[in-house]
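If you want the building blocks of each chain, they are given just below.
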Amino acid sequence: MLSRNLPLLINAQGIHWSQSRILAVASQLCMLLVTVIILTNIIITLGERRLQEDWATQRYSELQAVGALISDKVTFQQFRTQMFAKSELLKQYLALPSAENQQKLLSNWDTLVNNVPELLGIALYDPQGQHRFASTNDFGKQSLPSALLGTARNMGGNEIYTSPLEFTPINGQLEPYMYQFAWLENPDQSVRGYLVTYNSMAKMLRSIKPAYSSEQAPLMMLDTQGLLYAGAQTNGNVSRLPETMGGSLKLSYPALWRKMSMSNFGQFHGDVATFVYLKVELTTQYETRREYFLVSYIKNDEIAAKFSQWRNILMGGATVLTLLTALVILLTHLYRLVQRSREFSIYMTNRLFDSDEGCIIASDTGRIVIANNTASKLLSQPIDELADRSLQRVLKMDDDEYALFLSQMQTDKEWRGELQLDADLNNWLAIHTRIEIGADDKRRYMLVTFEDITELKQIQQQAVLCRLLNDVPMASVLTDAKGLVLKANDAFNQLLKIEDSTALNVSALLSDEFNQQWPQIAQQLQIQGCWKGQVFVVLGHMPDQYLQATIKGHLDAAGELEYIHCSFELSEQRTLVRDNGSLVPKRSTIFNHKDDLERYFNNLSQKCKDFSSLLMIDISAEGMLSHMSDLGQLESRQKEVEIHLLRDLPHRYQMSHWQLGKLIIVLPDTNSDQAHYFALESLNKLNENGLGDGICIGIASYQAGQELEQLIANAGVALKRAKQTGDQNICQAYTRFDS
């Protein structure tokens, strides 16, 4: 029982705010205010920068699409220029250069220019590079480059030369354009003339840009010298950018140009705006490469405006958080003052703790007031740290368990339970908690007592292990989830001729084959709860012996594999096929090496080979990999597929690992129709279990004189066909070989 609580003798025992405590409260409030201001500014800055990066990432992908479309359009324009050069009207004019044929050709060119937006004009030049006539007066008057004329040229025939971007005045405005040059040759490769088409880059960009971003999103195009060919800024929204066609970014914004010249793509965060740039290659010629920069930007003020709503939310939340934290600080100091005023009367209860039993006194809300030395030793915590701690943390309860504990204390005034201190050492305490009321019938306390029951728990655990072990009257062993032996009966030790199997691994005791199969067995135990099969073991006293194994898994409360019970019986020796001393492994074995599969295939009788087939299963197709993030998930998915295939795999069939994501199944005495039916049935079962997404199967039938590698290669060809068709997942290779 708690001793009687004495009333306050003097006012000094009450609550008093000292000068040092007032200074402590003031300093904590100041630090809180400064910390909230700094953190709010950091979060706002990081939020704006994150928004900039998101925009830059999105805009960069759009620039990639625009660059790819520009390159495709230039390539198509080369094809179109080649078609113009091969037109019948042009051939008629070159064969008979009359005024009538010229008028027909010009009329045809005008129709083409009017119907193709980016086509500005078409011109014809004579073999000396002199202008003959053109569809418009804006082009064709200048002479052609001498490097493309005569015998010194490096191009000709069906090749199309694409020029760099140039400017020409059209309707009072500079128009960026590029021309494409086609050679008109005679059968003896002599030049009959030259056809030149002129294409507008500005119109090409206007036709592409709306499909990938809004019209307001800026897009500029510059050459590798920094000259602007498209996207001139006429409103002056962003300083230091060229405002006219042909302006130099190198002169107006050196910092941005220096960053662009050092890489082919990237971001640049300026004082006014954030820029994204990408170098695109329009075409590759023998003489030079046509490379240009696509540049887009967003002003920092626009980013700040988009983030303004979140800024207001953050500032409001920071204000509320500051007020609540300040209130908590004040209440905490007040609580400590109240607690100290009660320390004297609580200290007098120390004499109750002069015993060998661990005791703790806590308030009715679960706050620990004091503990004795025995409780400190049992809980392995200093007494000073136990004081003023929560009883919930000491008892290691979550919120739901602690709420149930308080409810039972309110109704029954008593609670009993057990606490595991250390899972590795397996230390346990018995806990008894009851409500005690002071002599004044006002104050209520919790008296918690502890008792060490570690030895009792160990005895109970040994009893559980023995009960699980002796559940069957045969050679039995109990292991953990990793196969480490926890308990084994005498029949197991006598069967393997060992004195003590504790601290050994059951998978390593039997054979390498069983050790390799252990992870798949453990996974099947967690799914199905049981595994049965034969285990090959070679011992000195009984060579070439097989054991019939029955393995049962025991799950914990969370559904994880906790214990594994294995029982073994002597079984009939399987039929062995020996060839050069090698054994044909059992059907349920999954070969991990190619040599094992070759030995298995070579040891088959010729009759089995003649009517055998081979399945190559691909579980790493694109349709499946799009739902995976790494190779670890692919390996896990492959194990699940293996388990479901092994469950219904006929005894005479054999499975093997080929590559990561690919399996091979050899089907003896199975023709092509039967193999196709088996593949279809297996795929349907995988689909029923949700594992058939993206799986493709290739089938190959054995031909006379084939080796295993040829059979696998044919199955690989069929697998490629199955992945390419798109409408079916199974394909069979129809191959023939001369006898």
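All values derive from a computational prediction rather than experimental measurement. (Residues numbered from 1 in each chain as written. Predicted model: local features only at pLDDT ≥ 70, side-chain atom pairs only at ≥ 80, totals over all residues. Heavy atoms only, no water.)

1. A word on the packing of helix H18 (residues 594-602) against helix H23 (residues 708-725)
Selection criterion: To get an axis, fit a line to the C-alpha atoms, keeping to the stretch in contact for a helix; angles then go from 0 to 180 degrees between the N-to-C directions. The secondary structure listing takes helices from DSSP runs of H or I that are at least 4 residues long and strands from runs of E that are at least 2 residues long, numbered from the N terminus. These descriptions rest on fixed angle ranges, namely under 35 degrees for roughly parallel, over 145 for roughly antiparallel, 65 to 115 for roughly perpendicular, and the rest for oblique. Two residues form a contact once any of their heavy atoms are found within 4.5 Å. Amino acid classes used here: Ala, Val, Leu, Ile, Met, Phe, Trp, Tyr, Cys and Pro are nonpolar; Asp, Glu, Lys and Arg are charged; the rest, including Gly, are polar.
Taken N-terminus to C-terminus, the directions of H18 and H23 make an angle of 110°; their axes are 10 Å apart at the nearest point. In this view, H18 runs roughly perpendicular relative to H23, as classed from their interaxial angle. In this structure, H18 contributes Lys594, Leu597, Glu598 and Phe601 to the contact, and H23 contributes Leu708, Glu709 and Leu711. Looking at the contact of H18 with H23 residue by residue, the classes come out as four nonpolar, no polar and three charged.

2. Re the pairing of strand S13 (residues 368-371)
Put simply, the test is: Here, strands pair whenever DSSP counts at least two bridges between them.
As defined by bridge partners, strand S12 (residues 358-363) adjoins S13 across three bridges and the pair is classed as antiparallel. Across the sheet, residue Ile360 finds its bridge partner in S13, namely Ala371. Here S12 hands over to S13 after four residues, with Gly366 in that stretch at a positive phi of 100°.

3. Notes on the sheet that holds strand S19 (residues 530-537)
Read across the sheet, five strands follow the order S18-S17-S21-S20-S19 without closing on themselves; strand pairing throughout is antiparallel. One side of each edge strand has no neighbouring strand; the edge strands of this open sheet are strand S18 (485-488) and S19. The average angle at which neighbouring strand axes cross in this sheet is 25°, direction not considered. Judged from the nine bridges that link them, strand S20 (residues 545-555) and strand S21 (residues 561-570) form a sheet pairing that is antiparallel. Its bridge partner lying in S21, His554 is registered against Tyr563. Most of the contacts of helix H17 (residues 512-528) go to S19, to which it runs at about 170°, and overall it touches strand S17 (475-480), S19, S20 and S21.

4. Regarding the confidence of the model for the protein chain
Let me state the cut-off plainly: The quantity known as pLDDT measures the predictor's confidence residue by residue, on a range of 0 to 100.
In this model, the protein chain carries a mean pLDDT of 80, and residues with pLDDT of at least 70 account for 84%. This model gives residues 623-628 a pLDDT under 50, and the stretch forms 14 contacts once residues within four places in sequence are excluded.

5. Brief notes about a negative patch on the surface
As a reminder of what qualifies: Surface patches are defined over residues having more than 30% relative accessible area and no salt bridge, joining like charges when they lie within 9 Å and nonpolar side chains (Val, Leu, Ile, Met, Phe, Trp, Tyr) when within 5 Å. The Shrake-Rupley method, run with a 1.4 Å probe, gives the accessible areas here. Residue values count only the displayed protein chains as cover. The rule for a salt bridge is simple: a side-chain nitrogen of Lys or Arg has to be within 4 Å of a carboxyl oxygen of Asp or Glu. As used throughout, the charge tally considers Lys and Arg to be positive and Asp and Glu to be negative, leaving His and the chain termini uncounted. In plain terms, the charge of a residue is placed at NZ if it is Lys, CZ if Arg, CG if Asp and CD if Glu. To sort residues, take the accessible area from a 1.4 Å probe on protein chains only and compare it with the maximum for the residue type: under 20% means buried, over 50% means exposed, and anything in between is partly exposed.
Taken together, the side chains of Glu357, Glu451, Asp452 and Glu455 define an acidic patch exposed on the protein surface. The residue Glu357 is located in the loop between helix H9 (343-347) and S12 in this model. The exposure class assigned to Glu357 is partly exposed, which follows from its relative accessible area of 41%.

6. Description of the environment of Tyr292
For the record, the criterion: Under this definition, polar contacts are N or O atom pairs within 3.5 Å; protein pairs additionally need one hydrogen-donor-capable and one acceptor-capable atom, and for neighbouring residues in sequence, both atoms have to be side-chain atoms.
Looking at the secondary structure, you find Tyr292 in strand S11 (residues 289-299). Overall, the relative accessible area of 4% leaves Tyr292 in the buried class. When the C-alpha positions of Tyr292 and Leu222 are compared, they lie 5.7 Å apart, and in sequence the two are 70 residues distant. Excluding its chain neighbours within four sequence positions, the residues that come into contact with Tyr292 are Pro164, Leu165, Met221, Leu222, Asp223, Leu278, Lys279, Val280 and Leu282. Reaching out from Tyr292, the side chain makes a polar contact with the backbone nitrogen of Leu165 at a distance of 2.8 Å.

7. Thoughts on the side chain of Asn372
Structurally, Asn372 is set in the loop between S13 and helix H10 (373-379). Judged by its relative accessible area of 3%, Asn372 is buried. Within polar-contact distance, the side chain of Asn372 engages the backbone nitrogen of Cys359 at 3.0 Å.

8. As for the environment of Leu327
Residue position: Leu327 is located in helix H8 (residues 308-341). On the basis of relative accessible area, Leu327 is assigned to the partly exposed category, the value being 45%. Through-space distance from the C-alpha of Leu327 to that of Leu29 is 9.8 Å; in sequence the pair is 298 residues apart.

9. Regarding the pattern of salt bridges
Scanning all chains against the criterion turns up 12 salt bridges. Arg416 is the salt-bridge partner of Glu414, the closest N and O atoms lying 3.4 Å from each other. Note on Arg416: relative accessible area 58%, which makes it exposed. Of the charged contacts, one joins Lys685 and Glu681 as a salt bridge, the two residues approaching to 3.7 Å between their closest N and O atoms. Of this pair, Lys685 and Glu681 are both found in helix H22 (residues 672-688), four residues apart, which corresponds to roughly one turn of the helix.

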